[in-house]
Amino acid sequence: MNQVRVGMIGYKFMGKAHSHAYRDIPMFFPDTPTPVMKVICGRNDDGVRQAARQFGWEEASTDWRELVRRDDIDLVDINAPSDAHKEIALAAAKAGKHILCEKPLALTLTDAREMLAAAESAGVKHMIGFNYRFAPAVQLAKKLIGEGRLGRIYHFRAVFLQDWILDPGFPLVWRLDKTVAGSGAHGDLGAHLIDMARFLVGEMEEVIGMSETFIKERPLPGSMTGLSATGGGSGATGPVTVDDATLFLSRFANGALGSFEATRLAAGHRCTNSFEINGSLGSVKFDFERMNELQVYFAGDPADVQGFRRVLATDPAHAYSEAWWPPGHTIGYEHTFIHEVVEMLKALQENRQPVPNFHDGVLCQAVLEAVERSIDEKRWVQIGEM
């Protein structure tokens, strides 16, 4: 497979990120099948046509159903709002198209399982968009853990802190509507933390959580794009039906303990996606705002030089870095999507399932809903209950 013909549904924040990935891959990963940007789809005709011109797509469409039926489409990329994921994915699988779907996979665990079953039944390749896995520094953390260099893992603690809705006058965008988004900070930000924990440490056995919606009414929006919006000007408001913040504790199957915090009301934090892992032989620390760096500590170092060392993960020894610039020349947020799409395209080339895939989406959704049940019932919840 030398080319993969792509149809993409969604053209705003994630649509731009995915489009950038498709455009850069031929230059930096020439041994990967070339993505052909056939058609981009969205609900607003003027908006999607402008996106097609700006991002470099051959065609624009407002009919996703027609898109998934086209004979000249191999891969359907779904980055529309969360409530659209299931219907589009089921149709794409039925049409025999491979699928790349943004997270969270679905609004509910039942829907996520249905999407996985449909993709497996159709025999198509399927991937979920947990892009933060693909930072070279995170891949280095995975390597150190996998090689046993941190020893037995005791602790995983993670936070994803943002402040983009701190102003009570910020409009009621779709991400604050449970019927569209499924949940708030929990499903949007916490899903990334859960996937990172599963990727690096393993499966969780039980969780207990709490959440809060601090700002319960917001102005109705006039327009919205990605994480920005303008008010409608009418003075009308609507209820916020998702969480502003969710925190939970977990116990992993391997005995490690975990703590997680996701909030959109942490003043001063634009995108603090951070974790620390402590093991019997050492620790690692990562913060996406310094995404090229991994802080590494080895307990076996001589006593007079012990301490966290800063490792800049830009050398050819680090995953994906050989495709980019000389050592020390850093990469950014957009590169995580490029690496993610490279994994998808190589999986098609090698006739294997990419990782992470819909299985990971289902397992993440199980943890999300276990935390929600814990909050509702004020108790520890076993993941196996889900």
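Quick caveat: nothing in here was measured; it's all calculated off a predicted structure.

Novice: Break down the sheet that holds strand 6 (residues 126-129) for me, citing the residues and quoting the values.
Specialist: Pairing is parallel in the open sheet, where six strands are placed in the order 3-2-1-4-5-6. At either margin of the open sheet sits one strand with a lone partner, and together these are strand 3 (59-61) and strand 6. Going from strand to strand, the sheet's axes swing by 25 degrees on average, the running direction of each strand aside. Two elements, strand 2 (residues 34-41) and strand 3, share three bridges in a ladder whose sense is parallel. The residue bridging Ile40 from the neighbouring strand is Ala60, located in strand 3. Where helix 1 (residues 13-28) meets the sheet, it contacts strand 1 (3-9), strand 2, strand 4 (75-78) and strand 5 (98-102), and its direction lies at approximately 155 degrees from that of strand 2. Docked against the sheet, helix 2 (residues 45-55) engages strand 2 and strand 3, running at close to 160 degrees with respect to strand 2.

Novice: Describe the packing of aromatic side chains, listing the residues and the values that go with them.
Specialist: If you walk through the whole model with that rule in mind, you get 20 aromatic pairs. Plain terms: the ring middles of Tyr132 and Phe160 are 5.8 Å apart, the flat faces sit at 80 degrees to each other, and that makes the pair edge-to-face. Here the residue Tyr132 occupies a position in the loop between strand 6 and helix 6 (136-146), and Phe160 occupies one in strand 7 (residues 153-161), the gap between them amounting to 28 residues. Taking the relative accessible area as the measure of exposure, Phe160 reaches 1% and is therefore buried. Here the aromatic residues Phe13, Tyr132, Phe156, Phe160, Phe248, Phe252, Phe260, Phe275, Phe286, Phe288, Tyr333 and Phe337 are joined through ring pairs into a cluster of three or more. If you follow Lys142 out to its NZ or CZ, it ends over the ring of Phe199, 4.8 Å from the centre.

Novice: Account for the sheet that holds strand 14 (residues 257-263), with residues named and values stated.
Specialist: Judged by pairing direction, the sheet is mixed, and its nine strands sit side by side in the order 18-17-16-15-7-14-13-8-19 without closing on themselves. Strands with a single pairing partner mark the edges of an open sheet, and in this sheet they are strand 18 (309-312) and strand 19 (381-382). As judged from the seven bridges shared by strand 7 and strand 14, these two strands associate in the parallel manner. In the strand pairing of strand 14, Val159 is matched with Glu261. Against the sheet, helix 6 touches strand 7, strand 15 (272-279), strand 16 (282-287), strand 17 (293-298) and strand 18, its axis set at about 25 degrees to strand 17.

Novice: Quick one: what's the story with unusual backbone geometry, residue by residue and with numbers?
Specialist: In this structure, the amide linkage connecting Lys103 to the following residue, Pro104, adopts the cis form with an omega of -15 degrees. Inspection of the secondary structure puts Pro104 in the loop between strand 5 and helix 5 (109-122). Backbone torsion omega between Val355 and Pro356 reads 5 degrees, so that peptide bond is classified as cis. Along the polypeptide, Pro356 turns up in the loop between helix 9 (333-350) and helix 10 (358-377). Phi is positive for Tyr320, which is not a glycine, with a value near 70 degrees. Its place among the elements puts Tyr320 in the loop between strand 18 and helix 9.

Novice: Tell me about the packing of helix 8 (residues 185-200) against helix 10, residues and numbers included.
Specialist: Between helix 8 and helix 10, whose axes approach to 9 Å, the crossing angle comes to 120 degrees. Classified by the angle their axes make, helix 8 and helix 10 are oblique. Crossing geometry of helix 8 relative to helix 10 is assigned as right-handed. Residue-level inspection shows His186, Gly187, Ala191, Ile194, Asp195 and Arg198 of helix 8 in contact with helix 10, the latter providing Asp360, Leu363, Cys364, Val367, Leu368, Val371 and Glu372. Among the residues making up the contact of helix 8 with helix 10, the classes are represented as seven nonpolar, two polar and four charged.

Calculation rules
Residues numbered from 1 in each chain as written. Predicted model: local features only at pLDDT ≥ 70, side-chain atom pairs only at ≥ 80, totals over all residues. Heavy atoms only, no water. Pairing = 2+ DSSP bridges. Helix = DSSP H or I, 4+ residues; strand = E, 2+ residues; numbered from the N terminus. Axes fitted to C-alpha atoms, helices over the stretch in contact; angles between N-to-C directions. Contact = heavy atoms within 4.5 Å. Phe/Tyr/Trp six-rings, centres within 6.5 Å; stacked < 30°, edge-to-face > 60°. Buried < 20%, exposed > 50% of the residue type's maximum accessible area, 1.4 Å probe, protein only. Lys NZ or Arg CZ within 6 Å of the ring centre and 35° of its normal. Parallel < 35°, antiparallel > 145°, perpendicular 65-115°, else oblique. Left-handed = near helix turned anticlockwise from the far one by under 90°. Nonpolar A, V, L, I, M, F, W, Y, C, P; charged D, E, K, R; others polar.

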